Amino acid sequence: MSPPPASSAPLDLQEIISWLLDDGHLAGAGLAAIRTRAQTVLQHSKAIHPLCALADCQLRSALAPHAPLDLDTLCAWLAGRANLPYLRLDPLAIDFSQVADVMTASYAARFNILPVESTPERIVVATAQPYALAWQAELGRLAPRKLSLVIANPVLIADYIAQFFSLAGSVKVARQSSTQDLSLRHNFEQLVELGRGKSSLDANDQHVVRIVDWLWQYAFAQRASDIHLEPKRDAGLVRLRIDGLLHQAYQVPPVVMLAMTARIKLLGRMDVLEKRRPQDGRIKTRNADGREIELRLSTLPTAFGEKLVMRIFDPEVVLKSLDQLGFPPADAARWQALTARTHGIVLVTGPTGSGKTTTLYSTLKALARSEVNVCTVEDPIEMVEPAFNQIQVQAELSFADGVRALLRQDPDIIMVGEIRDLATAEMAIQAALTGHLVLSTLHTNDAPSAVTRLLELGVPGYLLEASLIGVLAQRLLRCLCPQCKQLAAAPGDAQWHSLAGDHLARPESCYRPVGCASCRHSGYRGRAGVYELLSVTERFSQLIRDGADIHALRRQSILDGMTPLRLAGAQQIVAGLTTIEEVLKITAALH
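Just so it is clear, the structure is predicted and the values come from calculations on it, not from any experiment.

Some thoughts on the overall build of the protein
Then comes step 1: When you go through the protein residue by residue, the secondary structure sums to 23 helices and 18 strands.
Then comes step 2: Taking the principal axes of its C-alpha atoms as reference, the protein extends roughly 90 × 65 × 45 Å.
Then comes step 3: Burial status across the protein gives 49% buried among its 591 residues.
Then comes step 4: About 27,200 Å² of surface is accessible on the protein, with carbon and sulfur atoms providing 52% of the total.
Then comes step 5: Distance between charge centres in the protein, computed from 59 positive and 60 negative side chains, equals 4 Å.

Here we look at the side chain of Thr339
Then comes step 1: Positionally, Thr339 belongs in helix α13 (residues 329-339).
Then comes step 2: At 3.0 Å, the side chain of Thr339 forms a polar contact with the backbone oxygen of Trp335.
Then comes step 3: Within the structure, the side chain of Thr339 is placed 3.4 Å from the backbone oxygen of Gln336, a separation counted as a polar contact.
Then comes step 4: When residues no more than four places from it in sequence are discounted, the contact partners of Thr339 are Thr363, Leu367, Leu437 and Leu439.

What about the UniProt feature "domain: Bacterial type II secretion system protein E" (unreviewed entry) in the protein?
Then comes step 1: Mapped onto this numbering, the UniProt entry annotates "domain: Bacterial type II secretion system protein E" (unreviewed entry) at residues 407-421.
Then comes step 2: Secondary structure across residues 407-421 divides into 0% helix and 27% strand, with the first and last C-alpha atoms of the span separated by 19 Å.

Looking at the packing of helix α1 (residues 13-22) against helix α4 (residues 71-82)
Then comes step 1: Running from N to C, α1 and α4 cross one another at 80 degrees; their axes reach a closest spacing of 12 Å. Between α1 and α4, the angle is such that the two are roughly perpendicular. Residues Ile16, Trp19, Leu20 and Asp22 of α1 form the contact with α4, whose participating residues are Leu74, Trp77, Leu78 and Arg81.
Then comes step 2: A breakdown of the residues in the contact of α1 with α4 according to their chemical character gives six nonpolar, no polar and two charged.

Let's talk about the nonpolar core
Then comes step 1: Ranked by size, the top nonpolar core spans 62 residues in total, and within it Leu114 and Leu229 carry the most contacts.
Then comes step 2: With residues near it in sequence (within four places) discarded, Leu229 still touches Leu215, Leu237, Val238, Met257, Met260, Thr261, Ile264, Glu306, Lys307, Leu308 and Met310.
Then comes step 3: If you look at the next biggest cluster of nonpolar residues, it comprises 51 residues, including Ile414, Leu442, Ala450 and Leu464.

Digging into the pattern of salt bridges
Then comes step 1: Going through the model one piece at a time under the given rule, you end up with 25 salt bridges.
Then comes step 2: Taking the shortest distance from any N to any O, the salt bridge between Arg277 and Glu274 comes out at 3.9 Å.
Then comes step 3: With a closest N to O distance of 3.3 Å, Arg334 and Asp331 form a salt bridge. Separated by three residues within a single helix, Arg334 and Asp331 lie in helix α13, roughly one turn from each other.
Then comes step 4: Relative accessible area serves as the criterion here: at 19%, Arg334 is assigned to the buried category.
Then comes step 5: Connected through salt bridges with shared partners, the residues Arg282, Lys284, Arg286, Glu292 and Glu294 form a single ionic network.

Notes on unusual backbone geometry
Then comes step 1: A cis amide bond links Asp379 to the next residue, Pro380, at an omega of -5 degrees.
Then comes step 2: Mapped onto the secondary structure, Pro380 falls in the loop between β11 (374-378) and β12 (389-392).
Then comes step 3: Here Asn112, not a glycine, exhibits a phi torsion of approximately 50 degrees, which is positive.
Then comes step 4: Here Asn112 lies in the loop between α6 (105-111) and β1 (114-118).
Then comes step 5: At Arg223, a residue that is not glycine, the phi angle is positive and equals roughly 60 degrees.
Then comes step 6: Locating Arg223 in the fold gives a position in the loop between α10 (206-221) and β4 (226-231).
Then comes step 7: By relative accessible area, which is 35% here, Arg223 ends up partly exposed.

Notes on the sheet that holds strand β10 (residues 344-349)
Then comes step 1: The strand order β12-β11-β13-β14-β10-β15-β18 describes an open sheet built from seven strands, whose pairing is mixed. Both outer strands of the open sheet, β12 and β18 (524-535), are each paired with one neighbouring strand and no more. Strand-to-strand, the axes of this sheet are offset by a mean angle of 20 degrees, without reference to chain direction.
Then comes step 2: When β11 meets strand β13 (residues 413-416), the two strands line up parallel, connected through four bridges. Across the sheet, residue Val374 finds its bridge partner in β13, namely Ile413.
Then comes step 3: Packed onto the sheet, helix α16 (residues 422-433) meets β10, β13 and β14 (437-442) and runs at close to 135 degrees relative to β10.
Then comes step 4: Packed on one face of the sheet, helix α22 (residues 565-574) meets β15 (468-480) and β18 and runs near 140 degrees to β18.

What counts and what doesn't
- Residues numbered from 1 in each chain as written.
- Predicted model: local features only at pLDDT ≥ 70, side-chain atom pairs only at ≥ 80, totals over all residues.
- Heavy atoms only, no water.
- Helix = DSSP H or I, 4+ residues; strand = E, 2+ residues; numbered from the N terminus.
- Buried < 20%, exposed > 50% of the residue type's maximum accessible area, 1.4 Å probe, protein only.
- Areas by Shrake-Rupley, 256 points an atom, 1.4 Å probe, with all protein chains shown as cover.
- Lys, Arg positive; Asp, Glu negative; His and termini not counted.
- Charge placed at Lys NZ, Arg CZ, Asp CG, Glu CD.
- Polar contact = N/O pair within 3.5 Å; in protein donor to acceptor, adjacent residues only side chain to side chain.
- Contact = heavy atoms within 4.5 Å.
- UniProt positions renumbered as here; feature names shortened; annotations may be inferred.
- Axes fitted to C-alpha atoms, helices over the stretch in contact; angles between N-to-C directions.
- Parallel < 35°, antiparallel > 145°, perpendicular 65-115°, else oblique.
- Nonpolar A, V, L, I, M, F, W, Y, C, P; charged D, E, K, R; others polar.
- Core = buried A, V, L, I, M, F, W, Y, C linked by side-chain atoms within 4.5 Å.
- Salt bridge = Lys/Arg side-chain N within 4 Å of Asp/Glu carboxyl O.
- Pairing = 2+ DSSP bridges.

What follows is the structure, encoded as structure tokens:
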């Protein structure tokens, strides 16, 4: 390895190419062409970093396994050569409110450096120029603390300089714009009433607007399914649910969170002044790609103010095929056969957050042809879909009343958001028996339990036997990150038998989570559905009529072709998509 350059000049393209050649990443053959191509890229954009120019050449390392020399790989290589840590910038791990306290935006932009950590003892600064450190002495005088350097992607540094300093400035100005007296913050009633006075921030303040807009775009980019704004005693917490787990994103001053909540409530056509009762609302906006996104809003009064949760719905989910939803081919064919029937009840069961809404909307979207009248009764309407006629349940309009009204609207297919009581169940059965296809959801652990649940509600067995045609139970399990998963030893015989019984041979090996920057060091990235589909056969109907117990119903459903949830999860393990721990976790209630 060559020693670092004696000067403090920025990195030079030819110098970097020579270092790559010395380290064996580049071969002598074709080196002149590489130099020419990279130099051409630099000439078209003089401010570009030399590593970016090399990354644009789409080279591969001459060293096995000949990995692509993309920008992240080149930055990690440079960090090793400079004997500095490499940091893949993660906005969730950076407190943007501290960024502006270390240096100004213009100073950071001039040297393309970004403070990523600031404590009373030290400052950590990200740079892509490990030898051009003319700024280091000046920063040491302004902020006399221990200074540590890390190497990071120069493009991300530039992007986050623009975002973080702007956001930190907006938070600072928004906080200063409020003259609200928080001296009584330990008083419970005072905490509930925060924001009611005239001194509260205006929800249309440009700084508040910028903060909210940035939060949404960031949540969309991070694949979040929910955004939580949680007021606490001394700060407001912003948390994002990603792949089923909550991640704390940021803390903002209490008055700024009040203004953010007011801004979002205003856009969601909610009563901004009402803070003592829960409210629901919805907003339609666009992500950075211009695609429409819907947010469902829910507020709840807590000890320290209003808690606001935004559930994010991407309308494109209704365009997903059964294969994209994770249905095995055999189950996909059976599900399409069930939903092609002209009458009967089809139920989708599972806990909250198991993907029932996505399955139902995707199915209904496929069924909603021009010659078919598709109607829904929902509480609340999850996504507004022009192909459906959607009814919102209200205080004066229950699920049962909504179904009763829809029966006079000449429907072909009716979707009932949830069967919660006997009245709704009876109206759904009435609709099915009078020649309509009814789809609905129910909260049960597995598919056969839907039968016993409806019987417990008071539905007569003979009516259930005459109307029910199928039940789909489902879960969402986290998928292993394809970037970092590694082969591991096979599970033990006893552990595998608890999952798959004798239906599936134990694999010789499986994969384990490792963790990398791509998956936030969790080892998992994205989620997939696992399903058990019960088709009501003549023999199963006879068991319902005879009042058989859940064990008999479960045995018969398996004989009729149902793959139990745990076995479906075991198949995903064999396919290398997830782990035995993840399957056991999501199916724990089944045993």
